[in-house]
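# Observations on the three-dimensional arrangement
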Amino acid sequence: MKPFMRAQLERSVQRLSELDFLLSREDIMQDMTQFMALSREHAEVVALVNPYQEWLQQGQDILAAQSMLQDPEPEVQAMAQEEIEGGQAKLDALAAQLQRMLLPKDPDDARNAFLEIRAGTGGDESALFAGDLLRMYTRFCANQSWRVEVISESASELGGYKEVVIRIDGAGVYGALKFESGGHRVQRVPATETQGRIHTSACTVAVLAEPDEAQAIQINPADLRIDTFRASGAGGQHINKTDSAVRITHLPTGIVAECQDGRSQHSNKAQALRVLTARIQEKDRSERAAKDAAERKSLIGSGDRSDRIRTYNFPQGRFTDHRINLTLYKLLAIMEGDLGDVVEALQAFEAAEQLAALEGQT
């Protein structure tokens, strides 16, 4: 194990002792906000310290077995050698586990997220593909027991969506879906094609971390223009007879957000403001990512909507993520929400990049 890792783990052991002491204090137990924050940190530190202590113990066991190699009995030597080999395998596995756990964490990974899908080139077929992507993501969310709420939608005449925005509520949503941002290309025979020719269409996807209200950027109300209008989507008599839909424009940046799904103008305004805040923060994040990319090239995570990240080839049943050269021949299953392998591969690639960066610092 590298010295910098060992030093970090030893600091975690010390921090665990501090947290045990703090959580035993009556004044902290009476402050529920502070108590809950320290309890969450305690759980995170315990999850790191336990395998580290197991790693230390395994090292001691290997040293004990090595001393047995001096025994004159061949059977004892054979048993010691077996213990050493098995112990070394466990030691290496624990070291790899600890290394992954020490990787830098994106503080937004645990957050809920807004997911936006917009039809691009391809006209009606692109809008139909946007509907297919929405179905893929909502089914994946259902498999994760995440809750999905439609924020705004603009349906196309032949089905699908010109644009749709959903909010996803659950554990680790942004961390799982953040690499979905970018251009998604589909190759298939459209339902509108009479000659059986394969067409290529595209959609863009953007995933935004839902801001923490306590840490969200402060927006000057004077910088906002708020318009109300009649919702165009489904929603029953009430929503179609009142100007309950809300569109908010941030004048300095030109960023716009709208919500038409709620029953009241008040709730739609609140939700649109949350989306607007997320988009402004994502703009800041993208600018920082672009600056970082100039210093260290990263194949994933830029979230630039002009980047073509995926191809969905229906004639071949092929799914390809171009950033990490991942090709899977189970496109129909993926379109039904089976995104687990894709998400895991992208997260593993990010972890490998982070490990390489850590190696470069040592």
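Heads up: the structure comes first, above all this text.
## Things to note about the sheet that holds strand β7 (residues 245-250)
Ordered in space as β6-β7-β8, the 3 strands form an open sheet in which the pairing is antiparallel. Each edge of the sheet is formed by a strand with only one pairing partner; in this case those strands are β6 (224-229) and β8 (255-259). The average undirected angle you get between the axes of adjacent strands in this sheet is 15 degrees. Of the strand pairs in this sheet, β7 and β8 are connected by 5 bridges, and their pairing is antiparallel. Across the sheet, His250 pairs through a bridge with Ile255, a residue of β8.

## Section: the packing of helix α3 (residues 32-68) against helix α4 (residues 74-101)
Here α3 crosses α4 at 160 degrees, and the two axes come no closer than 8 Å. Taken together, the axes of α3 and α4 are roughly antiparallel relative to one another. Taken as a pair, α3 and α4 cross one another with a handedness that is left-handed. Among the residues forming the contact of α3 with α4, the class breakdown is 17 nonpolar, 7 polar and 3 charged.

## Thoughts on a negative patch on the surface
On the surface, a cluster of negative charge is made up of Asp61, Glu82, Glu83 and Glu85. Ranked by residue count, the leading element in the negative patch is α4, at 3 residues. Along the chain, Asp61 turns up in helix α3.

## Remarks on the sheet that holds strand β5 (residues 199-209)
If you trace the 8 strands from one edge of the open sheet to the other, you get β2-β3-β1-β5-β4-β9-β10-β11, paired in mixed fashion. Of all strands in the sheet, those bounded by a partner on one side alone are β2 (147-155) and β11 (326-328). When the angles between neighbouring strand axes are averaged without regard to direction, this sheet yields 15 degrees. Looking at chain direction, strand β1 (residues 113-119) and strand β3 (residues 161-169) are connected through 6 bridges and run antiparallel. Residue pairing in the sheet places Ile117 in a bridge with Val164 of β3. In the packing of helix α5 (residues 123-143) onto the sheet, contacts are made with β1, β2, β3, β4 (182-188), β5 and β9 (308-313), and the angle to β4 comes to roughly 110 degrees.

## Some remarks on α4
Between its terminal C-alpha atoms α4 stretches 40 Å, which fits the 40 Å expected from 28 residues at 1.5 Å a residue. Within α4, burial applies to Ala80, Ile84, Gly87, Leu91, Leu94, Ala95 and Leu98.

## Re the layout of surface pockets
Looking at the second largest pocket, its volume works out to about 390 Å³. Surrounding the second largest pocket, Gln8, Arg11, Ser12, Arg15, Arg40, Glu44, Ala47, Leu48, Met101, Leu102, Lys105 and Pro107 form its lining. Secondary structure elements with two or more residues in the lining of the second largest pocket: α1 (3-23) and α3.

## Re the packing of aromatic side chains
In this structure the tally under the stated criterion is 4 aromatic pairs. Plain terms: the ring middles of Tyr52 and Trp55 are 6.1 Å apart, the flat faces sit at 15 degrees to each other, and that makes the pair stacked. Of the two residues, Tyr52 and Trp55 both sit in helix α3, 3 residues apart, roughly one turn of that helix. We classify Trp55 as buried; its relative accessible area is 12%. Centroid distance Phe140 to Trp146: 5.7 Å. Interplanar angle 85 degrees. Geometry classified as edge-to-face. Take Phe140 and Trp146: they sit in the same class, and that class is buried. Ring-pair connections join several aromatic residues into one group, and the members of that group are Phe129, Tyr312 and Phe319. Geometry around Phe314 places Arg188 over its ring, the cationic atom sitting 5.1 Å from the centre. The ring of Phe229 carries the charged tip of Arg247 above its face, separated from the ring centre by 4.3 Å.

Cut-off values and rules
- Residues numbered from 1 in each chain as written.
- Predicted model: local features only at pLDDT ≥ 70, side-chain atom pairs only at ≥ 80, totals over all residues.
- Heavy atoms only, no water.
- Pairing = 2+ DSSP bridges.
- Helix = DSSP H or I, 4+ residues; strand = E, 2+ residues; numbered from the N terminus.
- Axes fitted to C-alpha atoms, helices over the stretch in contact; angles between N-to-C directions.
- Parallel < 35°, antiparallel > 145°, perpendicular 65-115°, else oblique.
- Left-handed = near helix turned anticlockwise from the far one by under 90°.
- Nonpolar A, V, L, I, M, F, W, Y, C, P; charged D, E, K, R; others polar.
- Patch = residues over 30% accessible without salt bridge, like charges linked within 9 Å, V, L, I, M, F, W, Y side chains within 5 Å.
- Areas by Shrake-Rupley, 256 points an atom, 1.4 Å probe, with all protein chains shown as cover.
- Salt bridge = Lys/Arg side-chain N within 4 Å of Asp/Glu carboxyl O.
- Lys, Arg positive; Asp, Glu negative; His and termini not counted.
- Charge placed at Lys NZ, Arg CZ, Asp CG, Glu CD.
- Contact = heavy atoms within 4.5 Å.
- Expected span 1.5 Å × (residues − 1).
- Buried < 20%, exposed > 50% of the residue type's maximum accessible area, 1.4 Å probe, protein only.
- 1 Å grid on protein atoms, 1.4 Å probe; cavity = no way out; pocket = protein on both sides within 12 Å on 5 of 7 lines; lining within 4 Å.
- Points joined across faces, edges and corners; volume = space filled by probe spheres on them.
- Phe/Tyr/Trp six-rings, centres within 6.5 Å; stacked < 30°, edge-to-face > 60°.
- Lys NZ or Arg CZ within 6 Å of the ring centre and 35° of its normal.

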